[in-house]
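Inside the fold
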Amino acid sequence: MVIAVAILCALALAFGLLLGYAAIRFKVEGNPIADQIDNILPQTQCGQCGYPGCRPYAEAIANGEAEINQCPPGGEAGIQALAALLDREVIPLNAENGEVKPKAVAVIDESTCIGCTLCIQACPVDAILGAAKQMHTVIADECTGCELCLPPCPVDCITMEPVKQTVMTWKWPKPDHSTQAKSKTHLN
Amino acid sequence: MNFFRRRKSLNTQIAHDTAWSFHGGLVLPDHKALSKQHPLKKAALPPQLVIPLQQQAGGVNTPLVEVGDTVLKGQKIADSKNPVGAPIHAPSSGKIVAIDERTIPHPSGLPAACITLATDGKDTWADRAPIGNRYSELPAETLRQAIREGGIVGLGGAAFPTATKLTPTHPIDTLIINAIECEPYITCDDILTQHFANEIIRGIDILLRLLGAPHCIIGIEDNKPDAITSLQHALKAKPDDRIKLTVVPTRYPSGSEKQLIKLLTGREVPSGGLPANVGVVCQNIGTVYAIHQLVMQGNPLISRLVTITGEGVRNPANLEVLIGTPIHQLIEACGGYQENTGQLIMGGPMMGFTLEHDQLPIVKASNCILVTPKTPEIKQEIPCIRCGACEAVCPAQLQPQQLLWYSRSGEHEKAKKHNLFDCIECGCCDYVCPSHIPLVQHYRYTKSEIKTREQEMAAAEIAKQRFESKTKREEALAQEKEDRLAKKRQQLEKKTKEQHTDGGTKQDAIQAALARVKKKKDAQDAPKVTEPASEPATNPTDDTPTPQTAAERAAAAAKRRAEKKAQQSPATNPTDDAPAPKTAAERAAAAAKRRAEKKAQQSASTNPTDDALAPKTAAERAAAAAKRRAEKRQSSAHRGPS
Ligand SMILES: Cc1cc2nc3c(=O)[nH]c(=O)nc-3n(C[C@H](O)[C@H](O)[C@H](O)COP(=O)(O)O)c2cc1C
Ligand code: SF4
Ligand code: SF4
Ligand code: SF4
C-alpha cells in the first residue's frame with residue numbers, strides 16, 4: 001500500500017517535472033494566430049487601421065480587439081482572406097479607415113527637395129535614400145505606398161504616383177462579354 | 001505488339017513512326033494551302049523599322065545606341081546584363097531616329113520602349129566574323145556564347161533565349177527538332193524546310209555537338225509532304241545516322257513541347273518540369289536555321305519567315321521579313337486586304353492574339369499574321385453542363401470544367417492543386433465547349449492572379465523585414481535618448497536644488513508641467529492594473545514603446561521644454577520638441593490624423609505639452625498629429641529650411 005502510494009507519487013512527480021520541462025523547452029514563441037494574420041496583411045505599414053503597423057493590428061485582431069475590416073491597402077481580398085482564416089463573416093471595409101486605392105509609389109521632386117531628412121525618418125520601410133542637405137530619392141521597389149512621408153515634408157515636394165501598368169506587369173483581364181470576342185479561338 | 005516495341009531501345013523505337021500518342025487533341029481544318037500558293041519572297045526594305053527592346057521572354061534590353069547614331073546591318077544596338085538574355089541587332093543600315101515608347105504587338109495593347117531606325121536603302125552589313133566549319137573544333141561554351149551574342153531566341157512561339165535552353169541542367173540524349181507546325185493557317189516552317197533542308201541538317205549537327213547528344217528526332221506532321229521530301233533528300237545527300245525523321249499524324253497540338261516529347265519518345269515531362277528532366281532539348285526548326293545562319297554566315301537574328309494569311313488578305317504568302325517591319329507593309333506586299341475583313345491576329349487562330357491595328361512591327365516571335373474574313377459572332381455563353389467534352393480533348397490531361405469552377409470561385413490553391421499551371425493554353429477545350437465558355441481566358445486570368453498574389457506576398461515579406469529592422473533600430477535609439485535624458489534630469493534636479501532660492505518662476509513652470517504629466521500618466525496606468533504584466537500580447541500598443549517609457553520620455557521632454565522656455569527667448573519654436581513622426585506610435589498617429597483632420601483642428605488649441613505624450617486613443621492620436629502639423633505649418637513659414 002505504502003509502496004503503491006509512493007510509486008504513484010513518484011510517477012506523478014516525474015511526469016509533472018517532465019511536463020514542466022516540456023512547457024519550457026517547447027514553448028511556442030510569439031503568437032501563432034497573430035503571425036498568420038500578419039502574413040495576410042499587406043505590410044504597407046501605413047497605420048490607416050489605427051495601429052502603428054501591420055503587426056500591432058494583427059495582434060489586435062488576434063486578441064479580438066479589432067475588426068477584420070480596418071485595412072484599406074489589403075482591400076476586399078484581404079478581408080476575405082482574414083475571414084477565411086478566422087472563420088468569420090466577410091464584412092465590407094470600414095470607410096473610416098480609408099478607401100481602397102490603386103497602388104502608388106512616392107516620388108520626390110529632386111529639384112525642390114531641401115534634404116531635411118524628415119521623410120527618411122517617417123518612412124516605415126527605409127525606402128528613402130539621402131543624407132542631410134542632399135536631395136533624397138525613393139527606392140520605388142521598396143516603397144509600399146503608405147503615404148507617411150507626405151505630411152512631414154516642409155516643402156511639399158513628395159507626390160504619390162500611381163504605378164504605371166507596363167507590358168511586364170500587365171495581367172489578363174477577368175473574362176466578360178467585352179473580352180470574349182478577342183479570346184475565343186479564331187477558327188470558324 | 002505495342003508492348004514489345006516500347007521496351008526496345010530508343011534507337012529502334014524511333015525508326016518506327018509514332019509508337020506513342022498523347023491524350024486528347026483535335027483534328028482541325030488546316031487552311032494551310034492558302035498561304036502556300038505563292039512562292040516565298042523577300043519583303044521590301046521599309047523606310048522605318050521599329051524594334052521593341054523586349055523581344056524575348058522575361059527581359060528588356062537596354063539600348064547601346066543614341067538618337068542620331070548611324071548603324072550598320074547586323075550591328076548590336078541593344079543588350080541586357082541578364083545572363084538569360086538575347087541582344088538585338090540592327091536589321092538594316094541607317095540612322096537611329098527615335099528611342100521612345102510605342103505600341104508593340106502584345107495582348108495588352110500597351111506601349112513599350114522601342115528603337116526606331118530610318119533605313120538608308122543601302123542595307124550595308126557590319127563586319128561579320130562567321131565561325132564557319134571550325135564549329136566542330138570549338139568548345140560548347142564558345143558556341144553557346146556565340147548563340148547568345150547572335151540574339152537567337154526560340155522561333156516556335158515563346159521566344160525563349162536559345163543559349164539558355166542549350167545550357168541544360170541534366171545530360172541530354174535526344175535533341176528534338178519541332179517541324180510540326182500544328183496550328184492551322186501557318187506554313188512558315190513548312191516553306192522554310194522546303195527551301196533550306198540542307199542548312200537545317202547542318203544546323204542540327206552544330207546543336208548535337210554543342211549538346212553532346214547522340215540522337216536527334218525531327219518531328220513533322222504528315223500534312224507537309226514537300227517538306228518531308230526535302231528533308232529526306234538532304235539526309236540522303238549527307239547521311240547522318242544520329243538523325244531520324246519521324247512523321248506523325250496531323251493532330252493539334254502535337255507541336256507543343258511536352259506533347260511532342262511524349263509522341264516521339266514516350267517520355268513524360270513531369271508537372272512543372274522541363275524537357276531536360278527527361279534528357280530532351282526541343283527546338284523549333286526555324287531556330288535551327290537561324291543558328292546555322294549565325295554560325296556559317298555570321299548573321300545575327302535580324303529576320304524571319306512570316307506567314308501572311310487568312311481569307312481577309314488578297315494574296316496570302318510567306319515572306320522573309322526584317323524584324324521591325326510594320327505589319328501594314330506586309331499586308332500591302334500581299335495584295336492588301338479583301339473587301340471584308342474581320343480580325344487582325346498575330347499568331348495562329350488557336351494561340352494568337354488580336355491586334356488593334358496594323359501599324360505595329362514584326363518581332364522575333366511573330367510567325368504569322370492572320371486576317372480573318374469576319375469578326376466571330378459572340379455566342380451566348382450558357383452554364384457548364386458538365387458534358388466532359390473539354391476533358392476529353394485536353395492534351396495536358398486536366399479537368400477543364402473543374403479548373404473553370406475554381407477559377408470562377410477564386411479558389412487558387414485548389415486550381416493549383418489541379419495543375420492549372422500545366423495548362424498550355426492550347427484552346428482545345430474552348431473549341432469544343434458546347435456552352436461557349438471562354439475557358440482559356442478564365443485560366444489566363446487566374447494564372448496571372450495567382451502570380452500577382454505570389455509577387456505581392458514576396459514584396460510584403462520584404463516590407464515586413466524592413467519595417468521590423470527599422471522598428472528595432474528606433475527602439476534602440478529611443479532607449480539611448482531616454483538614458484541620456486535621465487542623466488540630464490538627475491543633473492538638473494541637483495542644479496535646481498542649488499538654485500532653489502532664486503528660481504521661483506522656473507520652478508513653477510517645471511512643477512506645473514510635471515504635475516500635468518503625472519496626472520496623465522496616472523490616468524493611463526489606472527486601467528492597466530487589471531492586466532497582468534506577464535501577458536504583453538493582450539496589449540495592442542505593445543509594439544509601441546512601453547507606456548512607462550513613453551510617459552517618462554514625455555515628462556522629460558516637458559521638463560526640458562519648460563526649462564528652455566524659462567531660460568531662452570519666448571520666441572522658441574514649440575515644435576522643436578515634437579519632431580516629425582518617428583516612432584511607430586507616432587506614425588499611426590500621423591495616419592489617423594488624415595482621417596480626423598477636421599475633428600482634430602478644433603482641439604488644436606489644447607495644452608502644448610499634450611502632443612509630447614504618447615497618444616492613446618485614436619482621437620487623441622489624431623488630434624496630436626494634426627496639431628503637430630498645424631504647428632509645423634506655422635513654424636515652417638518662419639523657420640524656413642533647417
Ligand atoms: C499549344 C502549343 C502548340 C505549339 N505548337 C508548336 C509548333 O507547331 N511548332 C513549334 O515549333 N512550336 C510549337 N509550340 C512551342 C513548343 O512548345 C516549344 O516551345 C518550341 O518548339 C521550342 O522551340 P524554340 O525554343 O526553338 O522555339 C507550341 C506550343 C504550344 C503551347
Ligand atoms: S492599414 Fe493595413 S497595411 Fe496599413 S498598417 Fe494597418 S494592417 Fe498594415
Ligand atoms: S465542354 Fe463546356 S459544358 Fe462541357 S464540361 Fe467542359 S466546360 Fe462544361
Ligand atoms: S487550354 Fe488548357 S485546359 Fe484547355 S485543353 Fe488546352 S491544356 Fe487543357
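Residues numbered from 1 in each chain as written. Chains lettered and ligands numbered in written order. Predicted model: local features only at pLDDT ≥ 70, side-chain atom pairs only at ≥ 80, totals over all residues. Heavy atoms only, no water.

Counting its secondary structure elements, chain A contains six helices and four strands. Across chain A, helices and strands are ordered from the amino to the carboxyl terminus as α-α-α-α-β-α-β-β-β-α. Against the compact-globule benchmark of 16 Å for 188 residues, chain A has a radius of gyration of 26 Å, which places it well outside the compact range. If one aligns the C-alpha atoms of chain A with their principal axes, the spans along those axes are about 90 × 65 × 30 Å. Of all 188 residues assigned to chain A, the portion counted as buried reaches 43%. (Helix = DSSP H or I, 4+ residues; strand = E, 2+ residues; numbered from the N terminus. Rg over C-alpha atoms; globule rule 2.2 N^0.38 Å. Buried < 20%, exposed > 50% of the residue type's maximum accessible area, 1.4 Å probe, protein only.)

Quick look at the site of ligand 3 now. In the neighbourhood of ligand 3, the contacting residues comprise B:Cys384, B:Ile385, B:Arg386, B:Cys387, B:Gly388, B:Ala389, B:Cys390, B:Gln401, B:Cys433, B:Pro434 and B:Ser435. Classifying every residue of the shell around ligand 3 by side-chain character gives seven nonpolar, three polar and one charged. (Near = heavy atom within 4 Å. Nonpolar A, V, L, I, M, F, W, Y, C, P; charged D, E, K, R; others polar.)

The subject of this paragraph is the sheet that holds strand E5 (residues 76-79) of chain B. Residues and elements named next belong to chain B. Taken together, the three strands give an open sheet; going across it, the order is E3-E5-E6, and neighbouring strands pair in antiparallel fashion. Strands at the two margins of the open sheet, each flanked by one partner only, are strand E3 (62-63) and strand E6 (88-89). As defined by bridge partners, E3 adjoins E5 across two bridges and the pair is classed as antiparallel. If you follow Pro-63 over to E5, its bridge partner there is Ala-78. (Pairing = 2+ DSSP bridges.)

This part takes up the domain arrangement of chain A. All names here are of chain A. Per the domain assignment, the segments of chain A are domain 1 (32-97) and domain 2 (102-164). The gap between the C-alpha centroids of domain 1 and domain 2 is 26 Å. Across the contact, four residues belong to domain 1 and six residues belong to domain 2. Summed over both sides, the interface between domain 1 and domain 2 buries roughly 320 Å², with carbon and sulfur atoms accounting for 63% of that surface. Inspection of the domain 1/domain 2 interface yields zero salt bridges. (Domains from an automatic or database assignment. Contact = heavy atoms within 4.5 Å. Buried area = accessible area lost by both parts, 1.4 Å probe. Salt bridge = Lys/Arg side-chain N within 4 Å of Asp/Glu carboxyl O.)

Now for the packing of aromatic side chains. Tallied over the full model, the rule gives three aromatic pairs over all chains. For B:Arg128, the ring lying beneath its charged end belongs to B:Trp125, and the centroid distance is 3.8 Å. Its guanidinium or amino end placed over the ring of A:Trp172, B:Arg444 lies 4.4 Å from that ring's centre, counting from NZ or CZ. (Phe/Tyr/Trp six-rings, centres within 6.5 Å; stacked < 30°, edge-to-face > 60°. Lys NZ or Arg CZ within 6 Å of the ring centre and 35° of its normal.)

Further remarks concern the nonpolar core. All names here are of chain B. Judged by nonpolar contacts, the single largest core of 56 residues is most densely connected at Leu-175, Ile-204 and Ile-218. Looking at this core, the elements that each hand over two or more residues are helix H3 (140-149), strand E9 (174-178), helix H5 (188-211), strand E10 (215-221), helix H6 (225-237), strand E11 (243-248), helix H8 (285-297) and strand E17 (368-371). Looking at which element gives the most residues to this core, the answer is H5, with twelve residues. Those residues in contact with Ile-218, other than ones at most four positions away along the chain, are Ile-177, Ala-179, Ile-201, Ile-204, Leu-231, Ile-243, Lys-244, Leu-245 and Thr-246. By size, the runner-up hydrophobic cluster in this structure holds 21 residues, among which are Ile-176, Ile-180, Ile-217 and Leu-260. (Core = buried A, V, L, I, M, F, W, Y, C linked by side-chain atoms within 4.5 Å.)

What follows is about the confidence of the model for chain A. Confidence along chain A averages 85 in pLDDT terms, with 91% of residues attaining 70 or more. When mean pLDDT is taken per element in chain A, helix H3 (residues 54-62) of chain A scores highest with 92 and helix H6 (residues 177-183) of chain A scores lowest with 54. (pLDDT = per-residue confidence, 0-100.)

With that settled, consider the site of ligand 1. All names here are of chain B. Around ligand 1, a shell composed of 19 residues is seen, among which Gly-156, Lys-165, Gln-283, Asn-284 and Thr-287 lie nearest. One nitrogen or oxygen atom from the main chain of Cys-182 is found 2.9 Å from an oxygen atom belonging to ligand 1. In the environment of ligand 1, an oxygen atom lies 2.8 Å from a nitrogen or oxygen atom belonging to the backbone of Glu-257. For ligand 1, whose unbound accessible area comes to 610 Å², protein coverage reaches 88%. Split by residue class, the shell around ligand 1 holds eight nonpolar, eight polar and three charged. (Polar contact = N/O pair within 3.5 Å; in protein donor to acceptor, adjacent residues only side chain to side chain. Areas by Shrake-Rupley, 256 points an atom, 1.4 Å probe, with all protein chains shown as cover.)

In this section: the packing of helix H2 (residues 32-40) of chain A against helix H4 (residues 75-86) of chain A. Residues and elements named next belong to chain A. Where H2 meets H4, the axes come as close as 10 Å, and the angle between the chain directions of the two elements is 160 degrees. Put simply, H2 runs roughly antiparallel to H4. Seen along the crossing, H2 lies across H4 with a hand that is right-handed. For the pair H2 and H4, the contacting residues are Ile-33, Gln-36, Ile-37 and Ile-40 in the first and Gly-78, Ala-81, Leu-82, Leu-85 and Leu-86 in the second. (Axes fitted to C-alpha atoms, helices over the stretch in contact; angles between N-to-C directions. Parallel < 35°, antiparallel > 145°, perpendicular 65-115°, else oblique. Left-handed = near helix turned anticlockwise from the far one by under 90°.)

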